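What the coordinates show
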Amino acid sequence: MRHLHRDKLLSLFEEGQHAIIYMKGAELKYRYDTDYEFPFRQESNFWYLSGVNEPDFHLIFDLTSHEYHLFAPRRDANYAVWHGRVKSMEQYRGEYDPDHLHWDSALPKVLNKLDPDRIYCLNEEQAEYIEEFDRNTPIDLDSLEEALTHCRVFKTDWELDQMREAARINNIAHTEVLRTLAPGKHEYELKAIFDYHQVRHGLLQDAYNGIFASGPNSAILHYVENNRQIREGDFFLIDAGFEYEGYASDFTRTYPANGSFSKDQATIYQVVLDAQQQVIEDIEPEVGMEELHMTSAEIMMQGLVDAGILDGRVEDLMKNDIFALFFPHGLGHFLGLDTHDVGGYPKGVDRIDRPGIKYLRARRTLQPGMVLTIEPGIYFIPALLKPALEDETKSKFLNSSRIEELLSFGGVRIEDNIIVTEEGYENLTEVPKEREEIENVMSK
């Protein structure tokens, strides 16, 4: 199916130009100055086009003939001793099906034979590498990245199937964590359960550093220590996913550790759930992510007013950026070969310099084939709320006694993975999120 990705990319370049695209695959990485190898994971653009998840490869696309040249590293017996079998050219050809397959030492010769008028590269590092063999040909550093971003934003049917499989296994792993959760366990024990169910289904690469956060740690947006003991009365927030064939899953759920929502937990959780469910229902082509973000914030502000945590009209709360005190991150992001996938800000679109929305990772109008996350949240973050309680303008909207009671509450985030379709959306996430369903699963 990678040939469809290549065709898609090449269709974005002007026909008939005597030019090439050059890309360098990823290399093995080591921990500081040791021989400790980090698990290899191919650079996403290279993987998207080639399907090669091995180190030290290169590729060239000839824009005149549309032929694909793949360059493989020549391995020796010493490599076989330490890393395993050395593949033959026939094996590489069978796996990756290029038009032309070469050893990497042939790169200068092929480059000289093609003799392009222009070379398209992704970045300065790759441009500097190819300039070692050709110092005269002009290099374009803008067009390739823009074209690849466009391609990767709109998923093919094959890509969507990979993401459905990643989500299917993520549904299993998240649900098993829910079944296992109990006070007295450590956050890392829940991480071990989650990782186990991913690996037993054949997924070996986490899509990002998973968050397994209990109590006040659940209000730390990118918490990764995962070492606290879970206590009675805590919320437990899990934000984690693995990759299938390079394609990420990314779910978040927040549960009562003891299996039963307290009054405050139930109230705040439901506010977040109501916001998430509404904006998911609003998803359809031509809807803007910015619009969905602000809708979710308004719903959550009204919920906190109804709960007696905030005072005032929602319009005034929004105008004075009170929502940003409780919802400081963006509603969601694109998802694909990277968890925070490319394309959220197309050329000419800038971030809005406003609290609560400046961290929105995708400011675009939704179109079929896009895959994104929807993840509203409410957090009680002392570093934001304590200064606000002393601020003359902001404090008049805050019920100080209630907020003081909730400063160690933590946070709630609920995140689903969504495919935008012609008709509306497809939700890939099937992990329980209704309060009654969560309590029923945990009681068994």
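The coordinates are above.
Right, let's walk through the structure included here. Treat the numbers as computed from the prediction; the structure is a model and nothing was measured.

As a further point, take the packing of aromatic side chains. Counted under the stated rule, the structure contains 17 aromatic pairs. Judged by centre distance (6.3 Å) and plane angle (10 degrees), the rings of Tyr-22 and Tyr-129 are stacked. Of the two residues, Tyr-22 sits in strand E1 (residues 19-24) while Tyr-129 sits in helix H6 (residues 124-131), which places them 107 residues apart along the sequence. Since its relative accessible area comes to 0%, Tyr-22 is described here as buried. Look at Tyr-36 and Phe-38: their rings are 5.6 Å apart centre to centre, the planes differ by 80 degrees, and that puts the pair in the edge-to-face class. Note on Tyr-36: relative accessible area 38%, which makes it partly exposed. Residue Phe-38 is classed as partly exposed on the basis of its relative accessible area, which comes to 38%.

Next up on the list: the sheet that holds strand E12 (residues 371-374). Pairing in this open sheet of 3 strands is antiparallel, and the strands run E12-E15-E16 from one edge to the other. Of all the strands in the sheet, the pair left with one neighbour each is E12 and strand E16 (425-427). Strand-to-strand twist in this sheet, taken as the mean axis angle between neighbours without regard to direction, amounts to 35 degrees. As paired elements, strand E15 (residues 416-420) and E16 share 3 bridges and run antiparallel to each other. Bridge pairing in E16 links Val-420 to Tyr-425.

Right, let's talk about helix H14 (residues 382-389) for a bit. For H14, the full list of buried residues reads Leu-385, Ala-388 and Leu-389. Around the axis of H14, the buried residues are gathered within 100 degrees of arc, so they sit on the same side. Where H14 is buried, its residues meet helix H13 (323-326) and helix H15 (400-405).

Let's shift gears to the nonpolar core. Ranked by size, the top nonpolar core spans 118 residues in total, and within it Leu-9, Ile-21 and Phe-326 carry the most contacts. Once residues lying within four places of it in the same chain are set aside, the contact partners of Phe-326 are Met-301, Leu-304, Leu-310, Gly-377, Ile-378, Tyr-379, Phe-380, Leu-385, Leu-398 and Ile-403.

The subject of this paragraph is the side chain of Asn-45. Inspection of the secondary structure assignment puts Asn-45 in helix H2 (residues 44-50). Under the relative-accessibility criterion, Asn-45 is labelled buried at 12%. A distance of 2.9 Å separates polar atoms of two side chains, one belonging to Asn-45 and the other to Arg-152.

Cut-off values and rules
Residues numbered from 1 in each chain as written. Predicted model: local features only at pLDDT ≥ 70, side-chain atom pairs only at ≥ 80, totals over all residues. Heavy atoms only, no water. Phe/Tyr/Trp six-rings, centres within 6.5 Å; stacked < 30°, edge-to-face > 60°. Helix = DSSP H or I, 4+ residues; strand = E, 2+ residues; numbered from the N terminus. Buried < 20%, exposed > 50% of the residue type's maximum accessible area, 1.4 Å probe, protein only. Pairing = 2+ DSSP bridges. Axes fitted to C-alpha atoms, helices over the stretch in contact; angles between N-to-C directions. Arc of directions from axis to C-beta. Contact = heavy atoms within 4.5 Å. Core = buried A, V, L, I, M, F, W, Y, C linked by side-chain atoms within 4.5 Å. Polar contact = N/O pair within 3.5 Å; in protein donor to acceptor, adjacent residues only side chain to side chain.

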